[in-house]
Amino acid sequence: MTARKVHLVLSLTLLMVVACNADCELRKNFYKKSCPQAEKLVRDITWSKAQADPTLGAKLLRVHYHDCFVQGCDGSILLDPVRTNQSEKNAVPNLTLAGFDVINDIKTQVEQACPNTVSCADVLSLAARDAVSFPFKKPMWDVLTGRRDGSISLASNVAGNLPSPFADFSTLAQIFSKKDLNVNDLVVLSGAHTIGVAHCGTFFRRLYNFTGKGDADPSLDATYAGFLRAQCPNPANPATTVEMDPQSSLSFDGHYFDTLTENKGLFQSDAALLTNQGAAKVVQQLQLPAAFFSEFGKSMKKMGAIEVLTGTAGEIRKQCRVVNRS
């Protein structure tokens with residue numbers, strides 16, 4: 001190959017890299033040209049469904065979290081199992097996830113408007129934001145778009161990647177660090193527990209056998225522990241749920257951090273935030289509503305960028321439940 005041809009090949013390669021750097025990153029209004037109505041369509045459908053189901057924000061936010069912490073925000077949580085291969089949906093922490101039908105409905109309508117254009121990963125990211133934002137009638141944080149969909153979803157990938165309600169602070173910090181999220185992000189994103197409910201099994205041990213002696217977790221407010229035992233007697237009904245943020249589970253606000261300082265965090269992982277000096281300081285700062293909203297938006301932007309597929313990586317699924325046929 002002549003020097004001129006080598007130079008030409010290198011120049012073309014460089015141009016491709018530069019083009020990819022400009023086109024392979026998440027950004028605002030990624031679909032401005034290819035599907036200008038995409039974000040409004042997602043919002044309008046989501047708001048319509050949130051009006052009928054006030055718990056939708058908590059449901060979709062949880063699905064979004066569970067997607068991003070396992071293989072990144074690639075929509076892999078949305079894939080159904082194939083024959084004997086269990087998908088992420090089948091993993092124990094994901095068995096109580098809800099809202100998949102909403103994402104599928106949104107994707108169907110978006111696909112009709114703009115075929116093969118908007119990823120399921122972006123639909124989920126936008127819908128989670130929009131469902132939480134519905135009571136405020138404005139977006140509560142910015143969502144960058146441009147994600148593409150993954151094709152691998154394995155139940156075996158969930159363990160060790162998804163933060164557990166039973167985790168101590170050290171374990172939580174390690175999991176978040178692996179996702180390039182810091183202690184501030186850990187505390188801020190835990191604030192998502194301000195909406196939604198939890199099944200008794202996720203905190204049962206704190207009530208009845210914390211140290212193996214039939215006792216309760218001493219870090220849990222005694223009166224609150226008594227209330228929880230009334231809701232979740234031993235043995236507990238597996239279908240029973242309890243508000244994660246007492247008397248405020250439908251309100252997206254900073255009230256969760258007030259309950260933490262009162263030793264009423266529902267999960268062991270909630271209480272763990274007070275066992276680290278730096279995390280406890282962040283908890284105090286986030287008791288101001290304006291501070292929580294601002295910081296939550298920043299941390300959601302970081303979480304939404306975890307190990308994303310962009311450019312030509314992955315695919316744009318036609319249906320969120322299944323990969324495209326080759």
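Shown above is the structure to which this text applies.
Everything numeric here is computed off the predicted structure, so don't read it as measured data.

Any chance you could break down the overall build of the chain for me, citing the residues and the numbers?
A count of helices and strands for the chain gives 13 helices and two strands. The C-alpha radius of gyration computed for the chain amounts to 21 Å, which stays within 12% of the reference 20 Å derived for 326 residues, consistent with globular compactness. Looking at the chain residue by residue over its 326 residues, the buried ones come to 45%. Here the chain has roughly 16200 Å² of accessible surface; of this, 55% comes from carbon and sulfur atoms. Charge separation in the chain, taken as the distance between the mean sites of 34 positive and 31 negative side-chain charges, equals 6 Å.

Tell me what's going on with the environment of Met 140, and back it up with residues and numbers.
As for its position among the elements, Met 140 is in the loop between helix 5 (120-133) and helix 6 (169-178). Each C-alpha atom, one on Met 140 and one on Phe 252, is 9.9 Å from the other, the two residues being 112 residues apart in sequence. Aside from chain neighbours lying at most four places away, what touches Met 140 is Arg 129, Ser 133 and Phe 293.

Break down the pattern of salt bridges for me, with residues and values.
The final tally for this structure, using the stated rule, is 15 salt bridges. The partner of Asp 44 in a salt bridge is Lys 40, with the nearest N and O atoms 2.7 Å apart. One end of the pair is Asp 44 and the other is Lys 40, both in helix 2 (residues 38-52) and four residues apart, which spans about a single turn. Look at Asp 44 and you get partly exposed, because its relative accessible area is 32%. In this structure, Lys 264 engages Glu 262 in a salt bridge whose closest nitrogen and oxygen atoms are separated by 3.8 Å. For Glu 262, a relative accessible area of 41% puts it in the partly exposed group. Among the ionic contacts, a cluster of salt bridges with common partners joins Lys 40, Arg 43 and Asp 44.

Can you tell me about the packing of aromatic side chains, naming the residues and giving the values?
Counting across every chain of the model gives 16 aromatic pairs. Judged by centre distance (6.3 Å) and plane angle (50°), the rings of Trp 141 and Phe 252 are tilted. Residue Trp 141 is located in the loop between helix 5 and helix 6, and its partner Phe 252 is located in the loop between strand 2 (241-243) and helix 10 (255-261); the two are separated by 111 residues in the primary sequence. Judged on exposure class, the residue Trp 141 and its partner Phe 252 are both buried. Judged by centre distance (5.4 Å) and plane angle (50°), the rings of Phe 292 and Phe 296 are tilted. Linking Phe 292 with Phe 296, this pair stays in helix 13 (residues 289-303), spanning four residues, or about one helical turn. With respect to class, Phe 292 is no different from Phe 296; both count as buried. Taken together, the ring pairs in this structure connect Phe 136, Trp 141, Phe 252, Tyr 256, Phe 257, Phe 292, Phe 293 and Phe 296 into an aromatic cluster. Note that Arg 43 overlies the ring of Trp 47, its terminal NZ or CZ placed 5.2 Å from the centroid.

Now, about helix 7 (residues 183-190): what can you tell me, with residues and values included?
Of all eight residues in helix 7, six are buried, a share of seventy percent or more. For helix 7, the full list of buried residues reads Asp 185, Leu 186, Val 187, Val 188, Leu 189 and Ser 190. In this structure, the buried side of helix 7 is in contact with helix 3 (56-68), helix 6, helix 10, helix 12 (277-285) and helix 13. Regarding helix 7, its N-cap is Asn 182, as a side-chain oxygen of that residue lies 3.1 Å from the backbone nitrogen of Asn 184 further along.

Lay out the side chain of Arg 129 with the relevant residues and their values.
With respect to the helices and strands, the residue Arg 129 is situated in helix 5. Excluding anything up to four places from it in sequence, Arg 129 contacts Glu 39, Pro 139, Met 140, Trp 141, Asp 142 and Val 143.

If you had to explain helix 2 to someone new, which residues and values would you point to?
In this model helix 2 runs 22 Å from its N-terminal to its C-terminal C-alpha over 15 residues, within 8% of the 21 Å that 1.5 Å per residue would give. Taken together, the buried residues of helix 2 touch helix 3, helix 4 (100-113) and helix 5.

Give a detailed account of unusual backbone geometry, specifying residues and quantitative values.
In this model, Asn 234 is joined to Pro 235 through a cis peptide bond whose omega is 0°. Relative to the helices and strands, Pro 235 resides in the loop between helix 9 (222-231) and strand 2. The backbone of Asn 116 shows a phi angle near 55°, a positive value even though the residue is not glycine. Looking at where Asn 116 falls in the secondary structure, it is placed in the loop between helix 4 and helix 5. You can call Asn 116 partly exposed: its relative accessible area is 44%. Positive phi, close to 60°, is recorded for Asp 180, a residue that is not glycine. Counting through the fold element by element, Asp 180 comes out in the loop between helix 6 and helix 7.

Basis of the calculations
- Residues numbered from 1 in each chain as written.
- Predicted model: local features only at pLDDT ≥ 70, side-chain atom pairs only at ≥ 80, totals over all residues.
- Heavy atoms only, no water.
- Helix = DSSP H or I, 4+ residues; strand = E, 2+ residues; numbered from the N terminus.
- Rg over C-alpha atoms; globule rule 2.2 N^0.38 Å.
- Buried < 20%, exposed > 50% of the residue type's maximum accessible area, 1.4 Å probe, protein only.
- Areas by Shrake-Rupley, 256 points an atom, 1.4 Å probe, with all protein chains shown as cover.
- Lys, Arg positive; Asp, Glu negative; His and termini not counted.
- Charge placed at Lys NZ, Arg CZ, Asp CG, Glu CD.
- Contact = heavy atoms within 4.5 Å.
- Salt bridge = Lys/Arg side-chain N within 4 Å of Asp/Glu carboxyl O.
- Phe/Tyr/Trp six-rings, centres within 6.5 Å; stacked < 30°, edge-to-face > 60°.
- Lys NZ or Arg CZ within 6 Å of the ring centre and 35° of its normal.
- Polar contact = N/O pair within 3.5 Å; in protein donor to acceptor, adjacent residues only side chain to side chain.
- Expected span 1.5 Å × (residues − 1).

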